[in-house]
Amino acid sequence: MLEYQSIKTASGQTGFCKLGSGPALILAVGYSGTLFHWNRDFVYELARHFTVYLPDNRKIGLSDSTNPASMLGLAQDLVDFIQALQLDKPYLFGWSMGGVITQTVLRHFPEILGGVVLLATIPHATYTNREFLQLVAYAGQPFSRTVVRDVLFRKSACRTKTIHHQFGIVDC
C-alpha cells in the first residue's frame, strides 16, 4: 500500500509517494496525470532496484507551486522537490510531458541529476531545429511532397539529413 505524503518546497509543496530502496529515481508523469497513472507492476519492479519517488505535478493532489506556469517553472518544481528531499544526483524518468519537463531540468540544471530516461515524449520546441519546426507547422495542411521537399531538403547549415520516415524525425 502506497502512502501519499507531501513535502514543503521552496516554491510551495509537492504531494508524492515513495517506495523501494536503492538509488533515487523520480518518475515525472505527463500532462494532467497523477502518480497513479504509472503501471503498478512497472513501478514495483523499479522499486526492487531504486527508491522510487512518484511526485504529482502542480495543481494535482497536494502539489502546488508559485514558480512560473511554463516548462521551466515545472522543471524548477522538480528541482525544488529534489532539494527539499536532499536527494543526491537522482535519476529522473520523464513520460510524455514529464519527458519535456525532464529535458528542461537536464538543460538548465544538469549538475543536479545522476541521469535521465525519456519515455514517449517529444523535444521541447526550443531544442528542435528550424526544419523540423517548419514541418510541424505544415502538419495541419494537406500532404504535399512539394512541401516536404521544400522544408526538408532546401540548403541549410546541415551537411547531411536523415529522415526516419516511420517516426517523422529529421536529424542534422
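A short tour of the structure in this document, coming up. (Residues numbered from 1 in each chain as written. Predicted model: local features only at pLDDT ≥ 70, side-chain atom pairs only at ≥ 80, totals over all residues. Heavy atoms only, no water.)

**Here's the deal with helix α3 (residues 97-108)**
Then step 1. Look at α3: 17 Å from first C-alpha to last across 12 residues, which is about the 16 Å you get at 1.5 Å a residue.
Then step 2. Counting buried positions along α3 yields nine of 12 residues, so the element is predominantly enclosed.
Then step 3. Taken together, the buried positions of α3 are occupied by Met97, Gly98, Gly99, Val100, Ile101, Thr102, Gln103, Thr104 and Val105. (Helix = DSSP H or I, 4+ residues; strand = E, 2+ residues; numbered from the N terminus. Expected span 1.5 Å × (residues − 1). Buried < 20%, exposed > 50% of the residue type's maximum accessible area, 1.4 Å probe, protein only.)

**Concerning unusual backbone geometry**
Then step 1. Even without being a glycine, Gln86 presents a positive backbone phi close to 55°.
Then step 2. Tracing the backbone shows Gln86 in the loop between α2 (71-84) and β6 (91-95).
Then step 3. Classification of Gln86 as exposed rests on a relative accessible area of 72%.
Then step 4. Even without glycine at this site, Ser96 takes up a positive phi of about 60°.
Then step 5. With respect to the secondary-structure elements, Ser96 resides in the loop between β6 and α3.
Then step 6. We classify Ser96 as partly exposed; its relative accessible area is 33%.

**Focus on the nonpolar core**
Then step 1. Ile26, Tyr53, Leu78, Leu92, Val105 and Ile112 are the most contacted members of the largest nonpolar core, which totals 20 residues.
Then step 2. Where this core is concerned, the elements lending two or more residues are β3 (24-28), α2 and α3.
Then step 3. Broken down by element, the residue count for this core peaks at six residues, all from α2.
Then step 4. Not counting residues up to four positions away in its chain, the partners in contact with Leu78 are Ile26, Ala28, Pro55, Leu92, Ile101 and Val105.
Then step 5. Counting 13 residues, the second-largest nonpolar core is a separate cluster that includes Leu19, Leu25, Val29 and Trp38. (Core = buried A, V, L, I, M, F, W, Y, C linked by side-chain atoms within 4.5 Å. Contact = heavy atoms within 4.5 Å.)

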